[in-house]
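# Architecture at a glance
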Amino acid sequence: MTERNGELENPQLIGRELVEWFRVNQRDLPWRRDYSPYGVWVSEIMLQQTQVAAVIPYYLRWMERFPDVASVAASNEEEVLLYWEGLGYYTRARNLYKAARLMVERFQGEVPTTRQQLLALPGVGPYTASAILSLAFNRDVPVVDGNVERVVARLLDLGCPIKSAEGRREVLRAATDWLVEGKARLYNQALMELGALVCTPSDPQCPSCPVVSHCRAFRLGTVEDRPVRPPRPRLEEIQTAVAVLWDRGRIYIQKRRAGGLFAGMWEFPGGKIEDGESPRQALARELWEELGVHVQIEEKIGRIRHAYTRFRVTLHAYSCRLRPSGQQVTARAAEQGRWVDPRDLGRYAFPAANRRLIRSLQEMPGSGA
Ligand code: SF4
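Residues numbered from 1 in each chain as written. Predicted model: local features only at pLDDT ≥ 70, side-chain atom pairs only at ≥ 80, totals over all residues. Heavy atoms only, no water.

## What about the overall build of the chain?
Looking only at helices and strands, the chain has 14 helices and 9 strands in total. Overall, the chain is about 80 × 50 × 35 Å in size when its C-alpha atoms are taken along their principal axes. Residue burial in the chain is summarised as follows: out of 369 residues, 50% are buried. Summarising the internal contacts of the chain: among those between residues at least 6 apart in sequence, 66% fall at separations of at least 24. In the form shown here, the chain has an accessible surface area of approximately 18,100 Å², with 49% of it arising from carbon and sulfur atoms. Looking at the chain, you have 51 positive and 44 negative side-chain charges, and the mean spots of the two groups are 3 Å apart. (Helix = DSSP H or I, 4+ residues; strand = E, 2+ residues; numbered from the N terminus. Buried < 20%, exposed > 50% of the residue type's maximum accessible area, 1.4 Å probe, protein only. Contact = heavy atoms within 4.5 Å. Areas by Shrake-Rupley, 256 points an atom, 1.4 Å probe, with all protein chains shown as cover. Lys, Arg positive; Asp, Glu negative; His and termini not counted. Charge placed at Lys NZ, Arg CZ, Asp CG, Glu CD.)

Here is the structure:
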């Protein structure tokens, strides 16, 4: 491979080699079977911040229930959230639903075909618009995700962080230069697939890499140092106390208000433990503030730790009973509250830590959940 002023002399050669490698080595993924615009759009939204292996079962279940844009639009947010439950980042599901309704209103239930129209859809940013244009419609646009950033940073031996202005510029320039005209669908996926299967974050398989002869980091022995990354911020630690509140054989759950974190999802009542409080004290206070009731706090039934993107939550869960039974509960901090049969908890969408608590409840003998 020859280079001139740090650039490849025949930039499309690397693109063509990637395409050939991809034709033979690509994974059989459900959204690759026909590249329908609807399937590409749904998969791209699911794949935002979520690994391929985790997405596949959700995607298959989703397509069975919602085979086209119209079926999503004809459903409701509650059901859409239920089919999304466990994938996280629930704003994606709410946006998907809103976007489906828009497509029915404005585009006869089809995924639109221009960048401008795509960017007007809730949940579709520049990356997703490029991915849809390229994968669904085979338009000649580069697609840069985390895998592509890493692969390009190594191929070019980029000495700056990939999220810096210079890093972004260099990665986009290379991904554009290498693009094989008329083969954007295959080319873009080839770069991403190489990052997912061969040029992985911690264990790149350079000897079996189809573009090793072009790789400056391999040649210079800097693969382990690329990409250059700034240090990660520490996750905020949050301690919460929650109640599995029983009365007359039913459990109280409440729906989070619109606009905030986990908006529209259901949860057990409770809240943050303030400085100097024990979990039990925090729970008694929160239940009075949130529901206006007195409860008997019984045994601790779980301690669940769960990491979200920006914080890590520890959930101290207690079994509680209304004392006296039958008190009027007022959902002061939630959109609505509801007493449910514990066997019906599967019909509501809960954030991951709450769902883990439900699973541990179901494993407890005689819980009724
Ligand atoms: Fe990545 Fe190694 Fe291939 Fe370079 S040679 S692109 S570091 S797998």
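The rest of the description comes next.
## Thoughts on the side chain of His 306
Structurally, His 306 can be placed in strand β7 (residues 295-307). Side chain to side chain, His 306 and Arg 356 meet in a polar contact 3.2 Å long. Residues contacting His 306, with those up to four places away along its chain left out, are Phe 311, Arg 312, Val 313, Ala 352, Ala 353 and Arg 356. (Polar contact = N/O pair within 3.5 Å; in protein donor to acceptor, adjacent residues only side chain to side chain.)

## Quick notes on the pairing of β7
Pairing geometry for β7 and strand β8 (residues 311-322), over 10 bridges, is antiparallel. Following the sheet pairing, Arg 305 is matched in β8 by Thr 314. The turn joining β7 and β8, which pair antiparallel and follow one another in sequence, is formed by 3 residues. (Pairing = 2+ DSSP bridges.)

## Examining the packing of helix α3 (residues 52-65) against helix α5 (residues 77-84)
Interhelical geometry of α3 versus α5 gives an angle of 150° and a closest axis separation of 10 Å. The angle between the axes of α3 and α5 places the two elements in the roughly antiparallel class. Packed against α3, whose contacting residues are Tyr 58, Arg 61, Trp 62 and Arg 65, the element α5 presents Glu 79, Val 80, Leu 82, Tyr 83 and Trp 84 at the interface. Considering only residue class, the contact of α3 with α5 consists of 6 nonpolar, no polar and 3 charged. (Axes fitted to C-alpha atoms, helices over the stretch in contact; angles between N-to-C directions. Parallel < 35°, antiparallel > 145°, perpendicular 65-115°, else oblique. Nonpolar A, V, L, I, M, F, W, Y, C, P; charged D, E, K, R; others polar.)

## Considering the packing of aromatic side chains
Going through the model one piece at a time under the given rule, you end up with 11 aromatic pairs. Between Trp 266 and Tyr 348, the ring centres sit 5.1 Å apart and the planes meet at 70°, which makes this aromatic pair edge-to-face. With a gap of 82 residues between them, Trp 266 in strand β5 (residues 266-267) and Tyr 348 in the loop between β9 (336-340) and α14 (352-363) connect regions that are remote in the sequence. We classify Tyr 348 as buried; its relative accessible area is 9%. Taken together, the aromatic side chains of Trp 62, Phe 66, Tyr 83 and Trp 84 make up a single cluster linked through ring pairs. Against the face of Tyr 35 rests Arg 185, its NZ or CZ located 4.6 Å from the ring centre. (Phe/Tyr/Trp six-rings, centres within 6.5 Å; stacked < 30°, edge-to-face > 60°. Lys NZ or Arg CZ within 6 Å of the ring centre and 35° of its normal.)

## A few points about the pattern of salt bridges
On inspection of all chains with the given rule, the structure shows 20 salt bridges. For Arg 33, the salt bridge goes to Asp 28, with nearest N and O atoms at 3.4 Å. Neither residue differs from the other here; Arg 33 and Asp 28 are each classed as exposed. Where Arg 321 meets Glu 298, a salt bridge forms, and the shortest distance between an N and an O atom there is 3.3 Å. Residue Arg 321 is located in strand β8, and its partner Glu 298 is located in strand β7; the two are separated by 23 residues in the primary sequence. (Salt bridge = Lys/Arg side-chain N within 4 Å of Asp/Glu carboxyl O.)

## Some thoughts on the environment of Gln 362
Mapping Gln 362 onto the fold places it in helix α14. Taking relative accessible area as the criterion, Gln 362 reaches 42% and is therefore assigned partly exposed. For the pair Gln 362 and Arg 343, spaced 19 residues apart in the sequence, the C-alpha separation amounts to 9.0 Å.

## Quick look at unusual backbone geometry
Each neighbour pair has its own omega, and for Arg 226 with Pro 227 the value is 0°, a cis peptide bond. Relative to the helices and strands, Pro 227 resides in the loop between α12 (216-220) and β3 (236-247). A cis amide bond links Arg 323 with the next residue in sequence, Pro 324, at an omega value of 0°. By the secondary structure assignment, Pro 324 is in the loop between β8 and β9. Even without glycine at this site, Tyr 35 takes up a positive phi of about 50°. The topology assignment puts Tyr 35 in the loop between α1 (11-25) and α2 (37-47).

## Quick notes on the nonpolar core
As a rule of thumb, soluble globular proteins bury nonpolar side chains together. Among the nonpolar cores identified, the biggest contains 67 residues, and Trp 41, Met 46, Trp 62, Trp 84, Ile 253 and Phe 268 are the most heavily contacted of them. Contacts of Trp 84, omitting those with residues within four sequence positions, involve Ile 45, Met 46, Tyr 58, Trp 62, Tyr 89, Tyr 90, Arg 92, Ala 93 and Leu 96. Judged by nonpolar contacts, the second largest core, of 37 residues, contains Ala 153, Ile 162, Ala 190 and Leu 194. (Core = buried A, V, L, I, M, F, W, Y, C linked by side-chain atoms within 4.5 Å.)

## Remarks on the pairing of β3
Taking burial as the measure, the 12 residues of β3 include 9 buried ones, the bulk of the element. Of the pairings in the sheet, the one linking β3 to β8 comprises 11 bridges and is parallel in character. Within the sheet, the bridge partner assigned to Leu 245 lies in β8 and is Cys 320. Where β3 and strand β6 (residues 270-272) come together, 3 bridges link them in antiparallel fashion. Each residue of the ladder has a partner; that of Val 242, found in β6, is Gly 270. Relative to strand β4 (residues 250-255), β3 runs antiparallel, the two sharing 2 bridges. Pairing of Asp 247 across the sheet is with Arg 250, part of β4.

All we've got here are geometric facts, nothing functional implied.
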